[in-house]
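Structural overview for review
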Amino acid sequence: MTKDLLLSRRAFLIGCSAAASPLLTPVSFAAASGENRLVVILLRGAMDGLDVLRPVGDPGFATLRPTLSREPGLPLDGFFELHPAAAELMPLWQAGQLGFVQAVATPYRAGRSHFIAQDALEHGAGGADGALGPARDGWLNRAVGLIPGAGEKLAVSVGRERAMILDGDAPAAHWFPVEDAGLSAQGLALLTALHKADPLLAHPFAQAQALTQATAAERIPRDAQALSQLGSYVANRLREDARIASFSLGGWDTHQGQTRIMTNQMPLLAGTLLAIQSGLGAAWDTTLVLAMTEFGRTVRQNGSEGTDHGTGGVMIAAGGALRGGRVFGRWPGLGEGALLAERDLMPTGDVRAYAGWALCNLFGIEAQAVQQVVFPGLDMGDDPGLML
C-alpha cells in the first residue's frame, strides 16, 4: 500500500470516528437573568461510578472486584474513597465545593444501549424502554422556557453536532474549538472489530492506525490541553450573557483495561472542572456543575479487567453554589439480594430529580412545572439539599 493511500485511509478513519472522540464535543449555552449558573456535563460511554466513588466501606466491594480499583483511593467520609487519579479535585471537596450523588439512574432499563440511554438522559421524559416522545427536544431546553425573567434565548452548539439536551426552540450558533482529535477507546474498539474480520482490510487498518494513533504519552497532554481550552471557553461565556451551558466528554466505556482508561480519564475531567472554576473567578460562587452519565456499570468485574453495561451510577456535582463535601443519596449495599438482577448497583434515586431541584433553586422554576414540563411524569420527592 502506498503512502498516499495510507494517508487517504487515515483521513477516512478520522472522519468515521469523529462521533466517538472525547474531544469532538458539542457545547450549548442559554441566556437567563440573574447571577446563578448551571453547567451540565454529559459523560458519554457509561462512567463507572463504583470506580470514581469507591464504596470501600462495603465488604462486598473488594470481593466483587478482586483486581480492579486496588490502588489506594483518596478518603472522603470514612466509607467512600475518590479515584486516586482525581487528586486535583480534593481541594474542592475540602472546601465543600465537590460532592457526589450515588446510586442514581434514569428510568431506562431495557437493553442497556449506549445510544438509547444517552437519548433518554438528554430528552429526560422517557420510560423504562427509553422511547422518546414525538418532540426530540432536550430537558434543558424546555427548562430555559420556564425561567422567570429569562432574556432573549441564546444557544451556541460547539462541536461537530448539537446535543439533544439543549436542542429545541432556542436558536443555536456553532463553534468548534478543537482542530485535532484522535480515536477514543470506544471508537478504536468499534473500528478494530469492524476491520478484523475482513482479510483485505485488517492489515491496512493496522498500518493506518500506526499513522493515526499517538502514543499515550503524546495523547494525554494534548487531550488535557484541549479540554482545558473547552472549560475556559465555557467559563468565558458564562461570565458574559450565558447562564446555562451543556457539553459532553466521551471515553468512559471500560469493557476492558479499565484501570488504564480511568487513570487517563479522571485527570481530564478534573482539569475541565478546574478550568471552569478558574475561568469563572468570583462567578464560581453562584455556579453549579452537574456531571452525569447514561448508566453505571456492572458491580462485578469481567474477564477483561473491565466492567460491562450496568444501571445505578454516580452523578458528580461541583461549584460554589453546592452544599458539598458530602455524598448524597441512599446506599443500597452490595450484599446478597441487594443488586439489581444480581449484577448491577440498585438505583435508589432518579438522576433527573437532582437536576430538577437544581433548576428550582438556581432559577426559581416551580417544582410542579419541572415535573410537568421539564421532566414530565417525574415525582421529584423532597428537596435533597444539594444547594446552599
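This text goes with the structure placed above it.
The rules we used
- Residue numbers here run from 1 along each chain, matching the order of that chain's written sequence.
- Two thresholds apply to this predicted model, a pLDDT of at least 70 for residue-level local features and 80 or more for giving and counting side-chain atom pairs, whereas whole-chain, interface and lining totals are computed over all residues.
- Hydrogens are left out, water is left out, and the side-chain values use all remaining heavy atoms of the structure.
- Working definition: helices are DSSP H or I runs of at least four residues, strands are E runs of at least two. Numbering for both runs from the N terminus.
- Burial status follows relative accessibility: with a 1.4 Å probe on protein chains alone, a residue under 20% of its type maximum counts as buried, one over 50% as exposed, and anything between as partly exposed.
- Throughout, a residue-residue contact means that at least one pair of heavy atoms, one from each residue, lies within 4.5 Å.
- For the area figures, the Shrake-Rupley method with a 1.4 Å probe applies, and any residue is considered shielded solely by the protein chains shown.
- The pairing criterion for strands is at least two bridges between them, as found by DSSP.
- Put simply, two rings from Phe, Tyr or Trp (the six-membered ring, in Trp's case) pair if the centres are within 6.5 Å, and we call them stacked under 30 degrees between planes, edge-to-face over 60, tilted for the rest.
- Angles shown run from 0 to 180 degrees and are taken between the N-to-C directions of axes, each axis being a line fitted to C-alpha atoms and, for helices, limited to the stretch in contact.
- Angle categories are assigned with fixed cut-offs, so that under 35 degrees is roughly parallel, over 145 is roughly antiparallel, 65 to 115 is roughly perpendicular, and the rest are oblique.
- It is the rotation of the near helix from the far one that decides the hand of a crossing: anticlockwise by less than a right angle makes it left-handed, clockwise makes it right-handed.
- Note on residue classes: Ala, Val, Leu, Ile, Met, Phe, Trp, Tyr, Cys and Pro are nonpolar, Asp, Glu, Lys and Arg are charged, and everything else, Gly too, is polar.
- Take the buried residues of types Ala, Val, Leu, Ile, Met, Phe, Trp, Tyr and Cys, join any two whose side-chain atoms come within 4.5 Å, and each joined set is a nonpolar core.
- Expected span, for any helix, means 1.5 Å times one less than how many residues it has.
- Salt bridges are identified by distance alone: a Lys or Arg side-chain nitrogen within 4 Å of an Asp or Glu carboxyl oxygen.

**Overview of the overall build of the protein**
Regarding its fold elements, the protein presents 12 helices and 13 strands. Out of the 388 residues in the protein, the part that is buried amounts to 55%. A sequence separation of at least 24 residues applies to 74% of the contacts in the protein between residues at least 6 apart. Of the roughly 15,500 Å² of accessible surface on the protein, a fraction of 55% belongs to carbon and sulfur atoms.

**So, the sheet that holds strand β5 (residues 81-82)**
In spatial order, the strands read β3-β5-β4; together these three strands make up an open sheet with antiparallel pairing. In this open sheet, the two strands that pair with only one neighbour each are β3 (53-54) and β4 (74-75). Two strands pair when backbone bridges link them, and β4 and β5 are joined in this way by two bridges, in the antiparallel orientation. Across the sheet, the residue bridging to L74 is L82, located in β5.

**Re the packing of aromatic side chains**
A full pass over the atoms with the stated rule returns five aromatic pairs. Each ring, one from W93 and one from F100, has its centre 6.1 Å from the other, and the planes form 35°; the classification is tilted. Note on accessibility: W93 and F100 belong to one class, buried. Pairwise contacts between aromatic rings join F79, F80 and W331 into one cluster.

**Points about the packing of helix α11 (residues 351-363) against helix α12 (residues 367-374)**
Their axes nearest at 9 Å, the elements α11 and α12 cross at an angle of 130°. As summarised for this structure, α11 and α12 are arranged oblique, according to the angle between their axes. Here α11 and α12 pass one another in a crossing that is right-handed. Contact with α11, carried on its side by G356, W357, L359 and C360, involves A367, V370 and V374 of α12 and no other residues of that element. Considering only residue class, the contact of α11 with α12 consists of six nonpolar, one polar and no charged.

**Examining the environment of D167**
Structurally, D167 can be placed in the loop between β7 (155-158) and β8 (172-175). In this structure the C-alpha to C-alpha distance between D167 and R136, which are 31 residues apart in sequence, comes to 8.1 Å.

**Looking at the nonpolar core**
By size, the foremost hydrophobic cluster in this structure holds 45 residues, and its most contacted members are I41, F100, F247, L249 and I316. Only β2 (37-43), α4 (90-94), β6 (98-105), α9 (216-239), β9 (242-249), α10 (258-280), β10 (287-293) and β11 (313-318) provide two or more residues apiece to this core. Of the residues forming this core, the biggest block, eight residues, is contributed by α10. In terms of nonpolar packing, the next biggest core, distinct from the first, is built from 42 residues, L140, M315, W357 and V374 among them.

**Considering helix α5 (residues 114-123)**
The buried fraction of α5 is high, at seven of 10 residues. Of the positions making up α5, those classed as buried are H114, A117, Q118, A120, L121, E122 and H123.

**As for α11**
Think of an α-helix as turning once every 3.6 residues; residues three or four places apart then point the same way. Over its 13 residues, α11 extends 19 Å from the first C-alpha to the last, a length consistent with the 18 Å expected when each residue adds 1.5 Å. In terms of burial, α11 is largely enclosed, as 12 of its 13 residues are buried. The complete set of buried residues in α11 reads V351, R352, A353, Y354, A355, G356, W357, A358, L359, C360, L362 and F363.

**What about the pattern of salt bridges?**
Taken as a whole and assessed by the stated rule, the structure comprises 13 salt bridges. Between D51 and R54 there is a salt bridge, with the nearest N and O atoms lying 2.9 Å from each other. A relative accessible area of 3% places D51 in the buried class. Among the ionic pairs, D137 bridges to R142, the shortest N-O distance being 2.8 Å. Under the relative-accessibility criterion, R142 is labelled buried at 12%. Put simply, E35, R37 and R243 are held in one network by salt bridges that share partners.

The quantities given are spatial measurements derived from coordinates; they are silent on function.
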